[in-house]
Amino acid sequence: MAKRIIVDPITRIEGHLRIDVEVDNQKITKAWSSAQMWRGIEVILKGRDPRDAWLFTQRICGVCTTVHAIASVRAVENALNLEVPLNAQYVRNMIVALHALHDHIVHFYILSALDWVDVVAALKADPVKTAQLAQSISNWPGNSSKRFKQVKDKVQALVDSGQLGPFANAYWGHPAMVLPPEANLMAVSHYLEALDYQRKADQAIAILGGKNPHIQNLAVGGVTTAINPNRDIALNMDKLYWIKQLTEEVRGFIKEVYLPDVIAIGALNKEWLSYGAGVTNYLAVPDLPLDSAGKTFDLPGGTIFAGDLGSLKEFAGFGDDYFRDNIKEHVARSWYEGEDELPPFQGKTVPQYTDFNPDGKYSWSKAPRFNGQPMQVGPLAQMLVGYAKGDQRIVALVDEALNRASSLAGVKVGPQALHSTLGRHLARSIRAAILADLALKHWQLLVENIDRGDLTIMYPPTFPAGEQQGFGFHEAPRGTLSHWIVIENGRIKNYQCVVPSTWNAGPRDAKDIPGPYEASLVGNPIAEPQKPLEVLRTVHSFDPCIACAVHLLRPEGGELSTVKVL
Ligand code: NFE
Ligand code: MG
């Protein structure tokens, strides 16, 4: 008989997510993804000055702090047909890239590695053999037997103290944890180093953005980062070289640690390259614009349907009408008034909480659809779009990673394996490697532009009377983000955010079609129903953020459901 497992809350994510699964014969047969929080950002924006929207929307999330700011200024600029100076694009692009580097490192090591890495089993590792393993996959200077011995002693001291700290309450010793002790020790050592490298990326963002989290240097029409090579208070050459140094250090960690670790963990858990595909319609938007208007980009965007790379249809640039005309948000299974599917410009956000009903309404998340279809968003979507397009950087790195995984796994791992739980991790680490190069490329472009004597950072906006509509998109760490604004006489009339985790974590729609988390869980094995590690593996592979997905807190902070502990 089918058994119901409720995991509530899912931990090591941002926000409050409940996952229900039905398990039959040790396999998941049905799943429900329920966002358990409601915030109110779209609602409080009404009537405000569009130039302030980015400061409010950026507070949607404490993880992807920059992304709503970027999407917001792009939406207002699109409504006003306003370009931004090249310097502003480059400064924004460096922030976008550095933020993603921080975010992808934190996601892999801090939020998801412990689904694969058994910290307690690392105590059985031989530090010399660990160094041999690590040196066989990477040239990272931190991969010495001395370092691994220190980390092993540190973990031993933690275990002896009985206080595991950040390593408490995981599913240690679970039968699905198959890494050899040495791979576990290597990964624990890299987990600790990851803390330093994500901070370096954050530091570089703070130098550019004034503070972090939540940058302060955006403006509709550009940035407020004063550039002057000769002034201490402005972005000068000293600060630019400091940023370059930090970015190079982070790039080293990504290429020599993060990417090889994901390849190794993937090869050692190869059956997880076949679980978790779920929705194989993919959506990504182009990003890192190379011109003032947002027509050419360093990262590709488009749609792919039914896993068929030949179906690729690209987005041309900011304002693309294929993007604008195909998105609707469904609320048939969400705790909002109405049943209608609405395009974002006409979008409504009127909360109406009823109980959790798996056959009716069961989530605070809306269900976005593209041309009526659920879409998977995230690094995998963007890497597949790039692969389908023949983007040289992406094809080269994807093929190299698949070849390395094949030789470690002893079986051919082809592009088909990307449609999976571990494929999402692999795509994210490849995207991080590409973004690290691109952060430095945009650093170079900025320096060359300054060298030509261009110090312009902003084209100030003017707001005509009457109504304007605009939308801005951004490929955030978790995928495609778009903000949609209707302006009337210089004030916000409507504002809707369609967010990566809304695409992925969203519930069923009016036609009962499940969202990506729900679809990806079906077919996953469950070895021990009391310890549903496999649910975490697949859900974490998307990097959930429910603060973003719902972007709406009940002001009274009321309890929405009782937490059911496993
Ligand atoms: Ni709150 Fe976010 C990202 C956005 S989530 S983390 O990336 O937008 O979907
Ligand atoms: Mg929304």
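Reading the values: rules and limits
Residues numbered from 1 in each chain as written. Chains lettered and ligands numbered in written order. Predicted model: local features only at pLDDT ≥ 70, side-chain atom pairs only at ≥ 80, totals over all residues. Heavy atoms only, no water. Core = buried A, V, L, I, M, F, W, Y, C linked by side-chain atoms within 4.5 Å. Buried < 20%, exposed > 50% of the residue type's maximum accessible area, 1.4 Å probe, protein only. Helix = DSSP H or I, 4+ residues; strand = E, 2+ residues; numbered from the N terminus. Contact = heavy atoms within 4.5 Å. Expected span 1.5 Å × (residues − 1). Bend = angle between axes of the 7 residues up to and from the residue. Donors = N, O, S within 2.8 Å, 3.2 Å for Na, K, Ca; no water. Disulfide = S-S within 2.5 Å. Near = heavy atom within 4 Å. Polar contact = N/O pair within 3.5 Å; in protein donor to acceptor, adjacent residues only side chain to side chain. Nonpolar A, V, L, I, M, F, W, Y, C, P; charged D, E, K, R; others polar. Salt bridge = Lys/Arg side-chain N within 4 Å of Asp/Glu carboxyl O. Axes fitted to C-alpha atoms, helices over the stretch in contact; angles between N-to-C directions. Parallel < 35°, antiparallel > 145°, perpendicular 65-115°, else oblique. Left-handed = near helix turned anticlockwise from the far one by under 90°. Pairing = 2+ DSSP bridges.

1. Things to note about the nonpolar core
The biggest cluster of nonpolar side chains holds 171 residues, and the ones touching the most others in it are Ile19, Val21, Tyr109, Ile430, Leu446, Val535 and Ile546. The element that contributes the greatest number of residues to this core is helix H4 (residues 86–112), accounting for 16 residues. Excluding residues within four positions of it along the chain, Ile19 makes contact with Ile5, Ile6, Val7, Ile10, Trp32, Ser33, Tyr517, Leu521, Val535 and Val539. Counting residues in each nonpolar core, the second largest holds 16 residues, with Val285, Val377, Trp484 and Val498 among its members.

2. Structural notes on H4
An ideal rise of 1.5 Å per residue puts 39 Å on 27 residues; H4 measures up with 37 Å between its terminal C-alpha atoms. Considering bend angle alone, the principal kink of H4 is centred on Val106 and spans about 30°. The element H4 is largely enclosed, with a buried count of 26 among its 27 residues.

3. Some thoughts on the coordination of the iron atom of ligand 1
Of all protein atoms, Cys64 (SG) alone acts as a donor to the iron atom of ligand 1, lying 2.4 Å away. The nickel atom of ligand 1 is placed at 3.1 Å from the iron atom of ligand 1. Here Cys64 lies in the loop between helix H2 (53–57) and helix H3 (67–80).

4. Quick notes on the state of the cysteines
Summed over the entire model, instances satisfying the criterion amount to zero disulfides. With no disulfide partner, Cys497 has as its closest neighbouring cysteine sulfur the one in Cys548, 9.0 Å distant. Relative accessible area serves as the criterion here: at 1%, Cys497 is assigned to the buried category.

5. Considerations on the site of ligand 1
Close to ligand 1 lie 13 residues; Cys61, Cys64, Ser501, Cys545 and Cys548 are nearest. One of the backbone N or O atoms of Pro477 is found 3.4 Å from an oxygen atom in ligand 1. For ligand 1, an oxygen atom lies 2.9 Å from a polar atom in the side chain of Arg478. Every element with two or more residues in the shell around ligand 1 is listed here: H3 and helix H13 (500–505). Residues that form the shell around ligand 1 fall into these classes: 10 nonpolar, two polar and one charged.

6. Notes on the pattern of salt bridges
Applying the stated criterion across every chain yields a total of 26 salt bridges. Between Arg4 and Asp20 there is a salt bridge, with the nearest N and O atoms lying 3.1 Å from each other. One end of the pair, Arg4, is in strand E1 (residues 3–7); the other, Asp20, is in strand E2 (residues 17–24), with 16 residues separating them in the sequence. Under the relative-accessibility criterion, Arg4 is labelled partly exposed at 39%. Look at the salt bridges and you will find they share partners, linking Arg4, Arg18, Asp20 and Glu22 into a network.

7. Quick notes on the packing of helix H7 (residues 181–209) against helix H8 (residues 237–268)
Packing of H7 against H8 leaves a shortest axis separation of 9 Å and a crossing angle of 150°. The orientation of H7 with respect to H8, classified from their angle, is roughly antiparallel. Of the two possible hands of crossing, H7 and H8 adopt the one that is left-handed. On H8, the residues touching Ala183, Met186, His190, Glu193, Ala194, Tyr197, Lys200, Ala201, Gln203, Ala204, Ile207 and Leu208 of H7 are Lys239, Trp242, Ile243, Leu246, Glu249, Val250, Phe253, Val257, Asp261 and Leu268.

8. Describing the sheet that holds strand E15 (residues 467–476)
Taken together, three strands build an open sheet; the order of strands is E15-E16-E17 and the sheet is antiparallel. Edge positions in the open sheet fall to E15 and strand E17 (491–498), since each of these has one partner strand only. Looking at each pair of strands side by side, their axes are set apart by 15° on average, direction ignored. Of the pairings in the sheet, the one linking strand E16 (residues 479–488) to E17 comprises seven bridges and is antiparallel in character. Bridge pairing in E17 places Ser482 opposite Val498.

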